[in-house]
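# Descriptive analysis of the structure
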Amino acid sequence: LAELEFDAIALGLFGEVFTGTISGVVPRGLHVRLENTLEGFVRFDYLHGEYHEFDPLTQTLVGEETGRTYRIGQQLRVRVEEVDPRERSVSFSIA
């Protein structure tokens, strides 16, 4: 997204809840893309307060206590927690 587009879209979304699609899974969290093409990141500490094990073979995060699994292509509800226009980054939590 162009810088002005990013600012206009992201800054107006703080605290809002959306359905997004997991576009990447890494040991420290999830990359999630919203329908409006905005992409953000769900950090480990925003994953329901539970430790998650990263499986590099299946590209999944699996909850140690609940077994809740996150994988690429999965849809989930996310809340916009932080917007940093300077870094052009958005942080989500699981809603």
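For the structure itself, look to the data block above.
Predicted model, so just to flag it, every value in this text is computed and none were measured.

Analysis parameters
Residues numbered from 1 in each chain as written. Predicted model: local features only at pLDDT ≥ 70, side-chain atom pairs only at ≥ 80, totals over all residues. Heavy atoms only, no water. Helix = DSSP H or I, 4+ residues; strand = E, 2+ residues; numbered from the N terminus. Buried < 20%, exposed > 50% of the residue type's maximum accessible area, 1.4 Å probe, protein only. Contact = heavy atoms within 4.5 Å. Polar contact = N/O pair within 3.5 Å; in protein donor to acceptor, adjacent residues only side chain to side chain. Pairing = 2+ DSSP bridges. Axes fitted to C-alpha atoms, helices over the stretch in contact; angles between N-to-C directions. Phe/Tyr/Trp six-rings, centres within 6.5 Å; stacked < 30°, edge-to-face > 60°. Lys, Arg positive; Asp, Glu negative; His and termini not counted. Salt bridge = Lys/Arg side-chain N within 4 Å of Asp/Glu carboxyl O.

### Focus: the environment of T19
- Relative to the elements of secondary structure, T19 occurs in strand β1 (residues 17-26).
- Residue T19 is classed as partly exposed on the basis of its relative accessible area of 29%.
- Beyond its immediate stretch of four places on either side in the chain, T19 contacts L34, E35, Q75, L76 and R77.
- Here the side chain of T19 touches R77 through a polar contact of 2.9 Å, side chain to side chain.

### Re the sheet that holds strand β5 (residues 60-63)
- The 3 strands lie next to each other as β4-β5-β6, forming an open sheet whose pairing is antiparallel. Strands at the two margins of the open sheet, each flanked by one partner only, are β4 (52-55) and β6 (69-71). This sheet shows a mean twist of 20 degrees between the axes of neighbouring strands, independent of strand direction.

### Observations concerning the packing of aromatic side chains
- By the definition in use, this model includes 1 aromatic pair.
- Between F44 and Y51, the ring centres sit 5.6 Å apart and the planes meet at 50 degrees, which makes this aromatic pair tilted.
- Judged by relative accessible area, F44 falls into the partly exposed class, the value being 24%.
- Accessibility expressed as a relative area gives 44% for Y51, which makes it partly exposed.

### Comments concerning the sheet that holds strand β8 (residues 89-94)
- A barrel is described by the order of its strands in space; here 5 strands give the closed sequence β1-β2-β3-β8-β7, paired in mixed fashion. Taking each pair of neighbouring strands and ignoring which way they run, the sheet shows an average axis angle of 50 degrees.
- Sheet analysis places strand β7 (residues 75-84) next to β8, joined by 6 bridges and oriented antiparallel. For V83, the partnering residue across the bridge sits in β8 and is V90.

### Describing the side chain of E50
- By the secondary structure assignment, E50 is in the loop between β3 (39-43) and β4.
- Despite its burial, E50 pairs with no opposite charge, the nearest such side chain being R68 at 4.4 Å.
- For E50, the side chain forms a polar contact with the main-chain nitrogen of E64, separated by 3.4 Å.
- Polar side-chain contacts of E50 include one of 2.6 Å to the backbone nitrogen of T66.
- Residues contacting E50, with those up to four places away along its chain left out, are G63, E64, E65, T66, G67 and R68.

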